[in-house]
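Secondary and tertiary structure notes
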Amino acid sequence: MARVLRAVPVPLALIVMIALAGVVLGRVYADPLLTRLTAGAAVGSVLVSVAARRLPSWLVAPLSVAALAGWALLSLRLAAAHAALPGGLGEVAADAARNAIPRLLTAMIPVEPAPDTVLVPVVAAWLAGLAAAEVALRAGRVLLGYLPPVLLYAGALYVVGPNAGPAVGPTVLFAAVAAVGLAVPGGRPDPTGADPVAGLAPAVRAAVRLRLLAASAAGVAVVVALAALVAPVVAGRVDDRPVDPRRYVEPPQVESLDENPLIRISGWALNPDQKLLDVRTEAGATDAGPPRIRLAVLSDYDGVTWRVGATYRNAGRILPATEPAAGTDTEPVRQEVTVADLTGKLLPAVPTPREVTGARVAYDPATGTLIRPEGLAQGLRYTVDSVRERPDLNLVGTANVPAGDAVARVLRVADGAPEQMRRLATQLAEENGAPYARASAIADFLAEHYRVTADAPSGHAYPNLAFFLFGPRNGGGQRGTSEQFAASFAVLGRLAGLPTRVVVGFEPKADGPVRAADAYAWPEVLFEGVGWVPFDPMPRPDEEPRPVEEDFRPKPEDPPPSEVPAPTGEPTPTPTAAAAPDRRGGKAGPGTPVLVGGGVGGLVLLLGALLLTLAALRRNLTRGRLAQGDPGRRIAGAWREVTDALRLAGHPVGADLSAAEVAERAHRTLTEARAAARRPAPAPPHGSPAQTRSPRAPWPASAGEAGADLAGGEVGVDLPGGGVGELAGLLNQVAFAPGTATPAQADRAAAVATAYVAALRAARRRWRRLLWTVHPGPLRWRR
């Protein structure tokens, strides 16, 4: 009995130490299931080693690993049942084995116990127990056997990081249990009880004891010295914030199609009968019909594209709850959603979701949106429990809008906003002081002056929005889909000082199929104490839009006629030249002509040297772009030659244009230059359409015209093959498929660029051709 009692402390200490590591890690979990599973792994691993102590050492590891497999499968089954995950045990186990580590480090805090978030801790706890028991019990090295539990405990602290408070209690208990395990002798007692050095000679015995004493003293001194050196460093870092390992792991990302789902509105509008979802509302239906289903929230705008910009973290079935604003009415909504033709990763749900069953999701708490990291699949069925919020409109009318760094993201106005949009936003803001009045004025202006059409081209960059707002009606302007309405509201709102964002989702008319015609984009404005409030800038179906010019007129650029001074009818007297004094009466000599001639000659030589230097530098630049480097670099250099030529011709291209749009502009520039060279056109009268027309429409007049311009030789006129349009295709290949360009394609790009630049230069006047060759601009323009 005594021998049994003496053998218990060390195994018990190992079990408790490993279980405490599970306790520390379980502080970031939403349920104690993980702590129980790691405690079971600690007990199982140590007991297997104790039971197999009399077996050969080579047989213990296979037995323990077999037991580990059984415990791991049981743990996965319990975790899958807890998380209500669909699929068989084999499918769940395979998925957990593939994704356990990244999902553990990208999971949202608190982490829900699921197969992929419990597998690594359970396996680590079992292996630590196996290694510790074998070293401490079989080899008798108790202190060395503590190393696996200590490493496991330190790893748990590291994974928790700053996401939980200091683990003072578990750490003190861990040290106390380790000390007890060391203090209680666990080895087999010597039955004789004799002194091990009793049989030695007195001199030898004294030397051995002196050596042992010296070694013990040296060990104590080393421990004290280390404590003195390390203690201040440790004490100084007690209040430091621990490192979060999650910052080194990239969370689940959305695809490029999901990063900007706003561009999908126009495509859905052209296929209104496409079935995207099937929705059944089990709770929360009202007389007003099914609630809106949110797909994505777009908060970032760079002047070209609205983007999601969310940070998604793997989440469990229960999502973090946020308290609604004071005075907000809430209503629970439960919907069963079946995916049909909707693609991507974004998971539709009524805002704000609280629980998702039937699908593994990642969640962004800042926007309340969901994604399915594996992507949507036809037939996927899931259930979402949401809390539908209705803000108090009585508070919105007098609420202010927040400011500062916390909302800088949704207040940012990208550079390059059209001046007309700025003036329109200023006009609407000056007429309406309160934030809610400003937002309502913008929504009313859009609803009263513009038309909804399903065949409007997609696009919400600054040029597209300017054409939508101010383009001529007979030329395709002042009409669009909800994409342009929502994007215009959001940009005008930010110009007026309102924090705005764009939301993409669906507005089904009834339960059942959700079709592409139900796709919808709407803007939202953030108010203090209220939250995000949606606005509807869409026109009413039974109202005819008013012309924009009735309520907004651009500021005239020329002074009114009353400010131009009228002619007096009297000739202006011409001043008479003063008589020059006669200086010939002095000493005559060749000094002045020589000095003037020498100075002029020196300037001519200096100017000639400068022009020759510029011409040589330009030739070297062109040669380096077209002939040096890999094929991708040569194609990019050829494209740079074309854009520099357009800039030299007075038609620079903006950074917001695509390669196809630049090719279209290149074609138009060359055509106009050749026409001007053949027959100078008379200047149109002031105020005619030729002067007021925008130099570049944001999109072609029709898809057929755009395809004709960009498909073949029309872009390059009489250039070889497809001209600049072909070069644009090669540039897109280099940008989106790096490393696939061939030397032949690079040679082709160089030939196209050379031919186009020569053709454009030849269409210039003679003196401009000479200036073209020595213009220093391409040498200093940003490459």
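Residues numbered from 1 in each chain as written. Predicted model: local features only at pLDDT ≥ 70, side-chain atom pairs only at ≥ 80, totals over all residues. Heavy atoms only, no water.

For the rest of this paragraph, the subject is the overall build of the protein. Helices and strands together make up the secondary structure of the protein, namely 27 helices and 17 strands. Residue burial in the protein is summarised as follows: out of 783 residues, 42% are buried. Long-range contacts, defined as pairs at least 24 residues apart, comprise 77% of the intrachain contacts of the protein with a sequence gap of at least 6. (Helix = DSSP H or I, 4+ residues; strand = E, 2+ residues; numbered from the N terminus. Buried < 20%, exposed > 50% of the residue type's maximum accessible area, 1.4 Å probe, protein only. Contact = heavy atoms within 4.5 Å.)

Another point: the pattern of salt bridges. What the rule picks out here adds up to 29 salt bridges. As a salt-bridge pair, Arg-360 and Asp-116 come within 2.6 Å of each other at their nearest N and O atoms. With Arg-360 in the loop between β8 (353-357) and β9 (361-364) and Asp-116 in helix α6 (residues 115-138), this pair connects stretches of sequence that are 244 residues apart. The exposure class assigned to Arg-360 is buried, which follows from its relative accessible area of 19%. By sharing partners, the salt bridges in this structure join Asp-95, Arg-98, Arg-103, Asp-116, Arg-360 and Glu-374 into a single network. (Salt bridge = Lys/Arg side-chain N within 4 Å of Asp/Glu carboxyl O.)

Before going further, it helps to examine empty space enclosed by the protein. All told, the structure shown has two cavities of 30 Å³ or more when counted by the stated rule. Classifying every residue of the lining of the largest cavity gives four nonpolar, two polar and one charged. Within this model, the second largest cavity holds a volume of roughly 30 Å³. If you trace the second largest cavity, you find it lined by Tyr-301, Arg-412, Val-413, Ala-414, Tyr-462, Val-491 and Arg-494. (1 Å grid on protein atoms, 1.4 Å probe; cavity = no way out; pocket = protein on both sides within 12 Å on 5 of 7 lines; lining within 4 Å. Points joined across faces, edges and corners; volume = space filled by probe spheres on them. Nonpolar A, V, L, I, M, F, W, Y, C, P; charged D, E, K, R; others polar.)

Think of an α-helix as turning once every 3.6 residues; residues three or four places apart then point the same way. Along its 15 residues, helix α16 (residues 435-449) runs 22 Å from first to last C-alpha, staying within 8% of the 21 Å computed at 1.5 Å per residue. Most of α16 sits inside the fold, with eleven of its 15 residues counted as buried. Those residues of α16 that fall on the buried side of the exposure criterion are Pro-435, Arg-438, Ala-439, Ser-440, Ala-441, Ile-442, Ala-443, Phe-445, Leu-446, Ala-447 and His-449. Of the surrounding elements, those touching the buried residues of α16 are α15 (419-431), α17 (462-470), α18 (482-495) and β16 (519-527). (Expected span 1.5 Å × (residues − 1).)

Another point: the sheet that holds strand β2 (residues 293-298). Strand order across the open sheet formed by four strands is β2-β14-β16-β17, with antiparallel pairing between neighbours. Since the sheet does not close on itself, it has two edges, and those belong to β2 and β17 (531-534), each with one partner. The mean angle between the axes of side-by-side strands here comes to 35 degrees, regardless of whether they run parallel or antiparallel. Examined bridge by bridge, strand β14 (residues 500-506) and β16 share seven bridges and lie antiparallel to one another. Within the sheet, the bridge partner assigned to Thr-500 lies in β16 and is Val-525. (Pairing = 2+ DSSP bridges. Axes fitted to C-alpha atoms, helices over the stretch in contact; angles between N-to-C directions.)

Here we come to the packing of aromatic side chains. Inspection of the entire model under this criterion finds twelve aromatic pairs. Each ring, one from Tyr-301 and one from Trp-306, has its centre 4.7 Å from the other, and the planes form 20 degrees; the classification is stacked. Across the pair, Trp-306 and Tyr-301 agree in class, each one buried. Each member of the aromatic cluster is reached from another via a ring pair, and the members are Tyr-436, Phe-489, Phe-527 and Phe-535. Its end group placed over the ring of Trp-522, Arg-292 keeps NZ or CZ at 4.5 Å from the ring centre. The lysine or arginine in question, Arg-501, covers the ring of Trp-532, its NZ or CZ lying 4.1 Å from the ring centre. (Phe/Tyr/Trp six-rings, centres within 6.5 Å; stacked < 30°, edge-to-face > 60°. Lys NZ or Arg CZ within 6 Å of the ring centre and 35° of its normal.)

Turning next to the side chain of Ser-49. In this structure, Ser-49 sits in helix α3 (residues 33-51). Since its relative accessible area comes to 4%, Ser-49 is described here as buried. Of note is the side chain of Ser-49, whose polar atom sits 3.4 Å from the side chain of Glu-134. The residues contacting Ser-49, other than those within four sequence positions of it, are Val-60, Leu-130, Ala-133 and Glu-134. (Polar contact = N/O pair within 3.5 Å; in protein donor to acceptor, adjacent residues only side chain to side chain.)

When pLDDT is averaged along the protein, the result is 81; 82% of the residues meet or exceed 70. In this model residues 556-589 is a low-confidence stretch, pLDDT under 50, and it forms one contact with partners more than four residues away in sequence or in other chains. (pLDDT = per-residue confidence, 0-100.)

The next subject is the sheet that holds strand β10 (residues 369-371). What the four strands build is an open sheet, ordered β5-β9-β10-β7; its pairing is antiparallel. Of all the strands in the sheet, the pair left with one neighbour each is β5 (313-315) and β7 (346-347). Both β5 and β9 contribute to a ladder of three bridges, which runs antiparallel. What sits directly across from Asn-314, in β9, is Ala-362.

The next thing to look at is helix α8 (residues 147-160). Look at α8: 20 Å from first C-alpha to last across 14 residues, which is about the 20 Å you get at 1.5 Å a residue. Every buried residue belonging to α8 is among Pro-148, Pro-149, Leu-152, Tyr-153, Ala-156, Val-159 and Val-160, and all of these are buried. Angular distribution of buried residues about the axis of α8 spans 135 degrees; they occupy a single face of the element. Against the buried residues of α8 lie α2 (9-25), α6, α7 (142-145) and α9 (168-183). Note on α8: the residue one or two positions beyond its end, Gly-161, has a positive phi of about 60 degrees. (Arc of directions from axis to C-beta.)

All right, on to the packing of helix α20 (residues 631-648) against helix α25 (residues 743-762) then. It is the contact of α20 with α25, at a shortest axis distance of 8 Å, that shows an interaxial angle of 10 degrees. The orientation of α20 with respect to α25, classified from their angle, is roughly parallel. In this structure, α20 uses Pro-631, Arg-634, Ile-635, Ala-638, Glu-641, Val-642, Ala-645 and Leu-646 to contact α25, whose residues at the interface are Pro-743, Gln-745, Ala-746, Asp-747, Ala-749, Ala-750, Ala-753, Tyr-756, Val-757 and Leu-760. (Parallel < 35°, antiparallel > 145°, perpendicular 65-115°, else oblique.)

Here Ile-109 and Pro-110 are connected by a cis peptide whose omega angle stands at -5 degrees. The residue Pro-110 is located in the loop between α5 (89-106) and α6 in this model. Cis geometry is adopted by the peptide bond preceding Thr-352, which originates at Pro-351 and carries an omega value of 0 degrees. Although it is not a glycine, Ala-84 adopts a positive phi angle of roughly 55 degrees. Topologically, Ala-84 is positioned in the loop between α4 (57-83) and α5. Judged by its relative accessible area of 39%, Ala-84 is partly exposed. A positive phi angle, near 60 degrees, is found at Gln-478, a position not held by glycine. Structurally, Gln-478 is set in the loop between α17 and β13 (479-480).

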